[in-house]
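# Commentary on secondary and tertiary structure
Here is how the chains run, residue by residue.
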Amino acid sequence: MGFSTDAIHAGQKPDETTGAIITPIYQSSTYAQEGINEHKGYEYGRTHNLTRAALEQNIAVLEKGKYGIAFASGLAATQALMTLVKNGDHVIVSDNVYGGTYRLFETIFRDYGIDYSWVETSNLDDVKNAIKINTKMLFIETPTNPMLTLTDLSAISEIARSNNLISIVDNTFMSPYFQNPLALGIDVVIHSSTKFINGHSDVIGGIVLTSDEKINERLKYVQNAAGAVPSPFDCWLTLRATKTLAVRMKQHQENAIKLAEFLSSQNYARDIIYPGLESHPQHELAKKQMSGFGGMISVDVGDVEYAREIIKRLKIFTLAESLGSVESLVCIPSEMTHASVPKEKRDQLGVTDSLIRFSVGLEDIEDLIDDIKQATEK
Ligand SMILES: *Cc1c(COP(=O)(O)O)cnc(C)c1O
């Protein structure tokens, strides 16, 4: 089936009792048993929930995977993934991942004896050189946040395979609509479904997708044993949102391309980072491994005070953390999403204090451009 057909139907069938066309919110913490351990396969809400199961199956199909395991947040999903390694193991991570991922690995899991190397994974030789005898996992984000640097996923999956490493890709920025890492040989995909997948700024959620039976078994176990499960209502909202994922992603991209083109004609925009621009150093790779370029644009305006002034004057673009929603958002990553990354490291990555990140929403593009015009007037 095509993406939109799957988005609307996968994992969902009319309710058996009533025929209700929409999967109900099974808001129940437990299930009645006919006798001791005699039940319909449902024992307790943390372990089994039909609304959650529908969501898991729906997104698994969209990511071209067999299994989905949903969590209470993107970081809860990443935390669960870290149970695939243990004390003494080494993990190679893309060096400009989401700030919260950096914080989770460096300030929590390092204390449990897991070693991390932060590597420019767009450079395959750097990845190969970072592999040690205790390396067990590659954790990749592509495109990265907020520099939108790409890592070649087919090449990475080969490196992972030949070195017996678990390969993981944080696919939050592209959503399953524009990029399917599992189809390129990657073992595991993780999403913050808070972002494009839910897309309406009303749910915090995370999900892991894989076709690997062993990894699925382990993570299902962890989902229940550690218990960071999403609520039935949040699963229902997210399931409602995936029905429009295709139309939303197309419009995010159309608006982002128009905005990137507009910015390219403005001399205050020193550096415009968008994978859809031919000026993006990895534009060819973007065309090869993604079916679109997404809705995120980063722009360096060269001056900290000016950047702050622009943010203050914007009216439609709302100053906020997060991304991927119907409403346009703007932030200064160095002070917000990436504040927990040390300044030295930020400078090295190009996350300057004058870098503005736009999450281009679904408003009329003329209004978005007018908003930026009035905010950038000197
Ligand atoms: C937001 C985000 C996360 C974390 O997800 P939460 O749902 O906020 O816990 C992880 N990776 C990326 C790329 C993100 O943007």
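Residues numbered from 1 in each chain as written. Predicted model: local features only at pLDDT ≥ 70, side-chain atom pairs only at ≥ 80, totals over all residues. Heavy atoms only, no water.

As a further point, take the overall build of the protein chain. Of regular secondary structure, the protein chain possesses 14 helices and twelve strands. Since a compact globule built from 378 residues should have a radius of gyration of about 21 Å, the 21 Å found for the protein chain is in line with a globular shape. Reported as C-alpha extents along the three principal axes, the dimensions of the protein chain are approximately 75 × 50 × 35 Å. Out of the 378 residues in the protein chain, the part that is buried amounts to 55%. Accessible surface, the protein chain as shown: approximately 16400 Å² in total, 51% of it carbon and sulfur. In the protein chain, 35 positive and 48 negative side-chain charges are present, and the distance between their average locations comes to 2 Å. (Helix = DSSP H or I, 4+ residues; strand = E, 2+ residues; numbered from the N terminus. Rg over C-alpha atoms; globule rule 2.2 N^0.38 Å. Buried < 20%, exposed > 50% of the residue type's maximum accessible area, 1.4 Å probe, protein only. Areas by Shrake-Rupley, 256 points an atom, 1.4 Å probe, with all protein chains shown as cover. Lys, Arg positive; Asp, Glu negative; His and termini not counted. Charge placed at Lys NZ, Arg CZ, Asp CG, Glu CD.)

The domains assigned to the protein chain are domain 1 (3-242) and domain 2 (246-377). Placing the centre of domain 1 and that of domain 2 at their C-alpha centroids yields a distance of 26 Å. Summed over both partners, the interface of domain 1 with domain 2 buries about 3300 Å², with 61% contributed by carbon and sulfur atoms. Considering only the side of domain 1, the residues that lose the most area to domain 2 are Leu150, Phe178 and Phe196, jointly responsible for 23% of the buried surface there. (Domains from an automatic or database assignment. Buried area = accessible area lost by both parts, 1.4 Å probe.)

Here we come to the sheet that holds strand 3 (residues 115-119). What holds strands together in a sheet is hydrogen bonding between their backbones, with the strands either parallel or antiparallel. On the basis of which strands lie adjacent, the open sheet formed by seven strands has the order 1-7-6-5-4-2-3 and mixed pairing. Pairing within the sheet leaves two strands with one partner each, and these edge strands are strand 1 (67-71) and strand 3. Strand after strand, the sheet turns through a mean of 20 degrees between neighbouring axes, direction not considered. Alignment of strand 2 (residues 90-94) against strand 3, held across five bridges, turns out to be parallel. Bridge assignment links valine 91 to a residue of strand 3, and that residue is tyrosine 116. Contacting strand 2, strand 3 and strand 4 (135-141), helix 4 (residues 99-107) crosses the sheet at an angle of about 145 degrees to strand 3. (Pairing = 2+ DSSP bridges. Axes fitted to C-alpha atoms, helices over the stretch in contact; angles between N-to-C directions. Contact = heavy atoms within 4.5 Å.)

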